[in-house]
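Listed below, chain by chain, are the residues.
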Amino acid sequence: MTDSRHHLSAECFTELAAGSGSASSVAELTSGQRSRAMLLLRALVDVAAAHPALPGPLPPAGEAWRLLIRAERRSPAAVERLLLHPQTGVWLSRCLRQLRGQEPADAPLWSETGYLYAVAASAALLAGIDFRIAVVVCDGGVMLPALGFALLPDPATDLAEVVRTAEGTAAVVAGPHTVPLPASGFAEDHPGWRGLRRLHGEHRGHVCSPFLDDVDPYRDFFRRRPPDRLGDDAWKRWQERFAGAWRLVAEQRNVDPSGVAACVASVVPVPYAAQPEPFSASSPEAHGCVLMNGPVDEPDLAAALVHEAQHIKLSALMDLVPLIEGGREEAHHAPWRLDPRPLRGLLQGVYAFLGMTGFWQDRRHRAEDGPARDTAAFEFALRREQTAHGLKTLRTHAELTPLGRSFLDQVAERLADWLAEPVPSAPRRLAADLVLDHRLVYRMRHLRPDPEQLAGWARAWRTRGTPPRELPRTSVEPAPAETVPRAALARLRFADPERLRGQPRHGDDAPDGADLAWATGDRAAALRGYRGRVARAPDDVAAWAGLALTLPDGAARTALLRAPEAVLAVHRALRDADGAVPDPVSLATWIGTAL
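Residues numbered from 1 in each chain as written. Predicted model: local features only at pLDDT ≥ 70, side-chain atom pairs only at ≥ 80, totals over all residues. Heavy atoms only, no water.

(A) Broad picture of the sheet that holds strand E3 (residues 148-151). Spatial strand order, E2-E3-E7: three strands in an open sheet with antiparallel pairing. Edge strands, defined here as strands with exactly one partner in the open sheet, are strand E2 (141-144) and strand E7 (193-195). Strand after strand, the sheet turns through a mean of 15° between neighbouring axes, direction not considered. Both E3 and E7 contribute to a ladder of three bridges, which runs antiparallel. Bridge pairing in E7 places Gly148 opposite Gly195. (Pairing = 2+ DSSP bridges. Helix = DSSP H or I, 4+ residues; strand = E, 2+ residues; numbered from the N terminus. Axes fitted to C-alpha atoms, helices over the stretch in contact; angles between N-to-C directions.)

Here you go:
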């Protein structure tokens, strides 16, 4: 198979650093991904040829490789389609780790390696050559990557064959059973065949048609998943929401829609829950794949497409040029996740949220007056704050290459214009509160003050002494994350203020009264509510953070904003000593006098 030389132009780098990227820029990145996939595939064939557990009941891996070479000679585009198929990337990375003993296999190694033969069969079918090759039967049939899934009436056998004759007829054959394959139009369902369908969005000349993959076992890069065909109603709902979301992407001006379309090759429905925002994810191992937990509202789906396209572009860029040295240690706060993050992950987040900032900036100027525009203003204010905080951490702590510094300088220049843009006070205030809220909860969950210094603070309180002037040193100790409901209530305030005002005040499903008061802007009531919550449940981290958000300026607020983990830890130490439980605000005021 021939190499595909790629060169990253200065124009491509500049476009990407500005937070966008046209289809031509994405094509440069895709060239690098093709070369990467080809090298991994060649490595897998070589490792498989020497592995003692292989080939099992399959023919040698070289047979699949030779079929790929034949297919490429007839149709280079057919082989490139398989090399760039996101699920091929997932399988390649996972199978190589399993062959090298770096990851346990869920099935016999020969079965995992068997996807190689299916890749070769799909490429040969697309190239239109006659062939015969053995493939693995799994989950009741045979997956032909980038094409679809052949259902077998008797799936008890381990192997089948994919055959295409010189006359152009093709089938999957397993013992006495034959499943004819479509002569063309693989996306259409036929008896025994579940085609890999495509979503379709088209607006203002911009077209986006990713697969909606519900059949490939490697479609979910987190875990192997059997086929789970969407029903007609679910499929139609996905298509309707996607078409509407694509209209929003296509008309916005800050991130090139042609680049987004070129990035998103596959959308995969998954059952993962996420709060307070819809779940979406992408992975460098699955270039072009986006996982989503449902066809959410069109603006949120549009924002998710932009968000994940940014991740996909940056991952491909970082495969070609170094932007950061090291940066894999998980020790930093990211304003969008409540677990400690490595600096490389922070870089990914900054770039993704820069794209979302641009999407919502444009959206707020296009949306009609009312909830849609109010929501866009809030999302814009929130995303720019999150991006700015993440960018500051990166520039403070990351060891950047010269290209990395240039990249972040251009990101900062792009963001500066948006940070200077006026936003109404209510969305601006709630957005700033949420970023602060997130940082406070993170610190209280994951930062542990030095025990010896902490004991000195506790002794000083008990003896009514002066608080030490130096805050305790802290270390990062990851703990289970938690969901803070204030973000969902803030969104509800702008999207549906009547519904927010009508929220029940009592009952298991009722939001906390303090959180409701905060969301509606009644800070005095929120403060009373948070003080009561801390008194009832002194380890309620979200209540402590709410206390910091709603206290008036002064020593107590200063202490909680600067070192919430220290205030909580001293309070906890005093409680554990079976002494009088101090009033949280009084303790924070005492600590704040030293600051």
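(B) Quick peek at unusual backbone geometry. Cis geometry is adopted by the peptide bond preceding Pro55, which originates at Leu54 and carries an omega value of 15°. With phi around 70°, Ala146 is a residue other than glycine that occupies positive phi space. Residue position: Ala146 is located in the loop between E2 and E3. A positive phi angle, close to 55°, is found at Arg204, a residue other than glycine. Tracing the sequence through the fold places Arg204 in the loop between strand E8 (201-203) and strand E9 (206-208).

(C) Spotlight on the environment of Cys208. Tracing the sequence through the fold places Cys208 in strand E9. Residue Cys208 is classed as buried on the basis of its relative accessible area, which comes to 1%. For the pair Cys208 and Ser282, spaced 74 residues apart in sequence, the C-alpha to C-alpha distance is 17 Å. Excluding residues that lie within four positions of it along the chain, Cys208 makes contacts with Leu199, His200, Gly201, Phe242, Trp246 and Ala261. (Buried < 20%, exposed > 50% of the residue type's maximum accessible area, 1.4 Å probe, protein only. Contact = heavy atoms within 4.5 Å.)

(D) Local environment of the nonpolar core. Leu317, Leu323, Phe407 and Trp518 are the most contacted members of the largest nonpolar core, which totals 126 residues. With twelve residues, the top contributor of residues to this core is helix H10 (residues 298-320). Excluding its chain neighbours within four sequence positions, the residues that come into contact with Phe407 are Phe13, Leu16, Ala17, Leu314, Leu317, Leu323 and Tyr351. Of all hydrophobic cores here, the second largest spans 74 residues; its members include Leu41, Tyr117, Val215 and Tyr218. (Core = buried A, V, L, I, M, F, W, Y, C linked by side-chain atoms within 4.5 Å.)

(E) Structural context of the sheet that holds strand E1 (residues 131-136). The strand order E1-E4-E5-E6 describes an open sheet built from four strands, whose pairing is antiparallel. Edge positions in the sheet fall to E1 and strand E6 (177-180), since each of these pairs with one other strand and no more. Neighbour to neighbour, the strand axes of the sheet diverge by 25° on average, direction disregarded. Two elements, strand E5 (residues 170-174) and E6, share four bridges in a ladder whose sense is antiparallel.

(F) Region of interest: the packing of helix H2 (residues 23-50) against helix H3 (residues 61-74). Orientation of H2 relative to H3, taken along the N-to-C sense of each, is 150°, at an axis distance of 8 Å. The orientation of H2 relative to H3 falls into the category roughly antiparallel. Across from Arg34, Leu41, Arg42, Val45 and Ala48 in H2, the residues of H3 making contact are Ala61, Trp65, Leu68 and Glu72. Its residues placed into classes, the contact of H2 with H3 shows six nonpolar, no polar and three charged. (Parallel < 35°, antiparallel > 145°, perpendicular 65-115°, else oblique. Nonpolar A, V, L, I, M, F, W, Y, C, P; charged D, E, K, R; others polar.)

(G) Spotlight on the pairing of E3. Inspection of the sheet shows E2 paired to E3 by four bridges, in the antiparallel sense. Within E3, the position partnered with Leu144 by the bridge is Gly148. Where E2 hands over to E3, the hairpin turn is made up of three residues, of which Ala146 adopts a positive phi near 70°.

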